[in-house]
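Structural overview for review
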Amino acid sequence: MIKINGEDVNREEVLLLDYLQEQNYSLKRIVVECNEKIVPRDQYETFTLHTGDVVEIVSFVGGG
């Protein structure tokens, strides 16, 4: 399992970009941290999440 934003996701391995697209994240408005390290946006399409990884996805929202 992979822990994403505090919840267990029943996947052994998944490409980060595939997961983000499945969950309908706006790629321009997020930052992804995996195991306490920021994943550069240009690596999303090659970065693989594995069992045991802890991932935080932070979305930026505009407001006033």
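Look above for the structure.
Let me sum up the structure you'll find in this document. Values in this document were obtained by computation on a predicted structure and should not be read as measured data.

Re unusual backbone geometry
One non-glycine residue, asparagine 24, adopts positive backbone phi at about 60°. For asparagine 24, the position within the fold is in the loop between helix H1 (16-22) and strand E4 (30-34). The exposure class of asparagine 24 is exposed, given its relative accessible area of 68%. Of note, the phi angle at asparagine 35 is positive, near 50°, even though the residue is not glycine. Among the structural elements, asparagine 35 can be located in the loop between E4 and strand E5 (37-39).

Concerning the side chain of aspartate 53
Along the polypeptide, aspartate 53 turns up in the loop between strand E6 (48-50) and strand E7 (54-59). At 2.9 Å, the side chain of aspartate 53 and the side chain of asparagine 35 are in polar contact.

Digging into the pattern of salt bridges
A pair can form between side chains of opposite charge whenever their charged atoms are brought close. Evaluation of the coordinates by the stated rule reveals two salt bridges. We note a salt bridge from lysine 3 to aspartate 8, for which the minimum N-O separation is 3.3 Å. You can call lysine 3 partly exposed: its relative accessible area is 33%. Between arginine 11 and glutamate 22 there is a salt bridge; the shortest N-O distance is 3.0 Å. Of this pair, arginine 11 sits in the loop between strand E2 (7-9) and strand E3 (13-15) while glutamate 22 is found in helix H1, placing the two residues 11 residues apart along the sequence. Given a relative accessible area of 44%, glutamate 22 falls into the partly exposed group.

Description of the sheet that holds E7
Strands sit in the order E2-E1-E7-E4-E5 across an open sheet of five strands; the sheet is mixed. On the outer flanks of this sheet lie E2 and E5, each paired with one strand and no other. Within the sheet, the average angular offset between the axes of one strand and its neighbour, ignoring direction, is 30°. Judged from the two bridges that link them, strand E1 (residues 2-4) and E7 form a sheet pairing that is parallel. Within E7, the position partnered with isoleucine 4 by the bridge is valine 55.

How each quantity is defined
- Residues numbered from 1 in each chain as written.
- Predicted model: local features only at pLDDT ≥ 70, side-chain atom pairs only at ≥ 80, totals over all residues.
- Heavy atoms only, no water.
- Helix = DSSP H or I, 4+ residues; strand = E, 2+ residues; numbered from the N terminus.
- Buried < 20%, exposed > 50% of the residue type's maximum accessible area, 1.4 Å probe, protein only.
- Polar contact = N/O pair within 3.5 Å; in protein donor to acceptor, adjacent residues only side chain to side chain.
- Salt bridge = Lys/Arg side-chain N within 4 Å of Asp/Glu carboxyl O.
- Pairing = 2+ DSSP bridges.
- Axes fitted to C-alpha atoms, helices over the stretch in contact; angles between N-to-C directions.

The values reported here are purely geometric and, on their own, carry no functional implication.
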